[in-house]
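Per-entry structural report
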Amino acid sequence: MTAQIIDGNALSKQLRTEVAARAQALKAKGVTPGLAVVLVGDNPASQVYVRNKVKACEDSGLHSVLEKYEADMTEADLLARVEALNNDPSIHGILVQLPLPAHIDAQKVIEAISPAKDVDGFHIASAGALMTGMPGFWPCTPYGCMKMLESIGYDLKGKHAVVIGRSNIVGKPMALMLLQKNATVTICHSGTADLKAMTLQADVIVAAVGKRNVLTADMVKPGAVVLDVGMNRNDEGKLCGDVDFDGVKDVASHITPVPGGVGPMTITMLLVNTLEAAERAPN
Ligand code: GUN
């Protein structure tokens, strides 16, 4: 079997067209959806990420503001900026790029963002809303994974989903989203005794560890759906995921590539969340 590729670029394009149309409709009512991206310091990867986020906003007709600060910005000054953005009616979503410099308490900064503008979905209120099934913003990467499953018409009810990785940004929210769609969910992590025994039982596998070849063909049940959240470099310096794509594609029914899989979906879901924040905002 050769797996069908779930093309994150193609799906993103389709979703971003819908975002652009909804943004136009809001603009006609006098509201331009606005995202503020805050970058502290000069982490090279973060600089690329924030540039891509701002460009994606522009391409979809959303207003975006990029605020860049020196690495020695104080925590108090950053909290004051977040508060100003909370009170700025032209801004509907606030994203503080992580990681922050070590002298700043990232959790404190995230908790300072108004939950109504928490388009990253990292605030405790957003996490609590996801856990209890209440309306709120879902973290963009696992949300993008759910959209990818939806795009292939996959019904999770009665299926066994195995999530590899337990981060607050991907693994844990991913498990809750799959659970909400009636999957039976197992979370595996570095303390899992026999990862292969778990993944071999899975109908859906989400690999979100940040390490190459965490999932190889011998660990996958024939016909399983495999979503790869990893972003790593191989020995030749080429971008690769957590999944041994070349091996697993011969066993899985569907698989996401790296690059061109989950990656573009993360930014797309940020646009969706920002648009929804603007649609929900009182005006
Ligand atoms: N750093 C890496 N990914 C992300 C993300 O999705 N959001 C934020 N705020 N920082 C990040």
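Residues numbered from 1 in each chain as written. Predicted model: local features only at pLDDT ≥ 70, side-chain atom pairs only at ≥ 80, totals over all residues. Heavy atoms only, no water.

1. Brief notes about the overall build of the protein
Cut-off, in case you're wondering: Strands are runs of DSSP state E lasting at least 2 residues, helices are runs of H or I lasting at least 4, and numbering of each runs from the N terminus. Only protein chains enter the accessibility calculation, which uses a 1.4 Å probe. A residue is then buried if its area is under 20% of the maximum for its type, exposed if over 50%, and partly exposed in between. Any two residues whose heavy atoms approach within 4.5 Å are treated as being in contact. All accessibility values rest on the Shrake-Rupley procedure with a 1.4 Å probe; residue burial counts only the protein chains present in the view. When charges are counted, Lys and Arg contribute as positive and Asp and Glu as negative, whereas His and the chain ends are disregarded. Where a charge sits is defined by one atom per residue type, namely NZ (Lys), CZ (Arg), CG (Asp) or CD (Glu).
Each helix and strand in the protein was counted, giving 10 helices and 11 strands. The dimensions of the protein, computed from C-alpha atoms along their principal axes, are 50 × 40 × 40 Å. Counting only residues that meet the buried cut, the protein has 49% of its 283 residues in that class. Sequence-distant contacts in the protein: of pairs separated by 6 or more residues, those separated by 24 or more amount to 69%. Within the structure as shown, the protein displays about 13,000 Å² of accessible surface, and the carbon and sulfur contribution to it stands at 54%. Positive and negative side-chain charges in the protein, numbering 26 and 30 respectively, have mean positions lying 4 Å apart.

2. A look at helix H3 (residues 75–86)
Note the threshold: One less than the number of residues in a helix, times 1.5 Å, gives the span that helix is expected to have. Directions are taken from the helix axis to each C-beta atom, and the arc is the one they span.
Between its terminal C-alpha atoms H3 stretches 16 Å, which fits the 16 Å expected from 12 residues at 1.5 Å a residue. Within H3 the residues assigned to the buried category are Glu75, Leu78, Val82, Leu85 and Asn86. For H3, the angular spread of buried residues about the axis comes to 105°, placing them on one side. Contact partners of the buried residues in H3: strand S2 (34–40), strand S3 (63–69), strand S4 (93–96) and helix H4 (106–112).

3. With respect to empty space enclosed by the protein
What counts is decided by this rule: Whether a set of points on the 1 Å grid over the protein atoms alone is a cavity depends on a 1.4 Å probe fitting there but being unable to get out, while an open set qualifies as a pocket with protein on both sides within 12 Å along at least five of seven lines; lining residues are those with an atom within 4 Å of a point. Grid points are joined across faces, edges and corners, and a volume is the space filled by probe spheres set on the points. Throughout, the ten residues Ala, Val, Leu, Ile, Met, Phe, Trp, Tyr, Cys and Pro are labelled nonpolar, Asp, Glu, Lys and Arg are labelled charged, and all others, Gly among them, are labelled polar.
Using the criterion set out here, one finds one cavity of 30 Å³ or more in the structure. Lining the largest cavity we find Ile94, Leu95, Val96, Ile110, Ile113, Asp118, Asp120 and Phe122. Here the lining of the largest cavity takes three residues from S4, the largest share from any one element. A breakdown of the residues in the lining of the largest cavity according to their chemical character gives six nonpolar, no polar and two charged.

4. Some details on the pairing of strand S8 (residues 225–228)
Inclusion rule: Only strands joined by at least two bridges in the DSSP assignment are considered to pair.
Here S8 shows a buried face lined by Val225 and Leu227 and a second buried face lined by Val226 and Asp228. Where strand S7 (residues 204–207) meets S8, four bridges bridge the pair, whose relative direction is parallel. Residue pairing in the sheet places Ala207 in a bridge with Asp228 of S8. Strand direction decides the pairing type here: S8 and strand S11 (residues 254–255), joined by two bridges, are parallel. For Val225, the partnering residue across the bridge sits in S11 and is His254.

5. Thoughts on the layout of surface pockets
If you add up the space inside the largest pocket, you get close to 1,200 Å³. Lining the largest pocket are 42 residues, with Tyr49, Thr141, Met231, Gly263 and Thr266 positioned closest to its centre. Looking at the lining of the largest pocket, the element that brings in the most residues is helix H10 (residues 262–280), giving six residues. Classifying every residue of the lining of the largest pocket gives 23 nonpolar, 14 polar and five charged.

6. Let's talk about the site of the ligand
Under the convention used in this document: Any residue with at least one heavy atom within 4 Å of a molecule or strand is counted as near it. Within 3.5 Å is the distance limit for a polar contact, defined as a pair of N or O atoms, with the added protein rule that one can donate a hydrogen and the other accept it, and that residues adjacent in sequence qualify only through two side-chain atoms. For this analysis, a molecule is said to be in a pocket or cavity if more than half of its atoms are within 2 Å of the grid points defining it.
Around the ligand, the neighbouring residues are Lys53, Leu95, Val96, Gln97, Leu98, Asp120 and Phe122. The separation between a nitrogen atom of the ligand and a polar side-chain atom of Gln97 is 3.1 Å. Asp120 has a polar side-chain atom sitting 2.6 Å from a nitrogen atom of the ligand. Taken by itself the ligand offers 280 Å² of open surface, and the protein chains cover 78% of this. In this structure the site holding the ligand corresponds to the largest pocket. When grouped by side-chain class, the residues that make up the shell around the ligand number four nonpolar, one polar and two charged.

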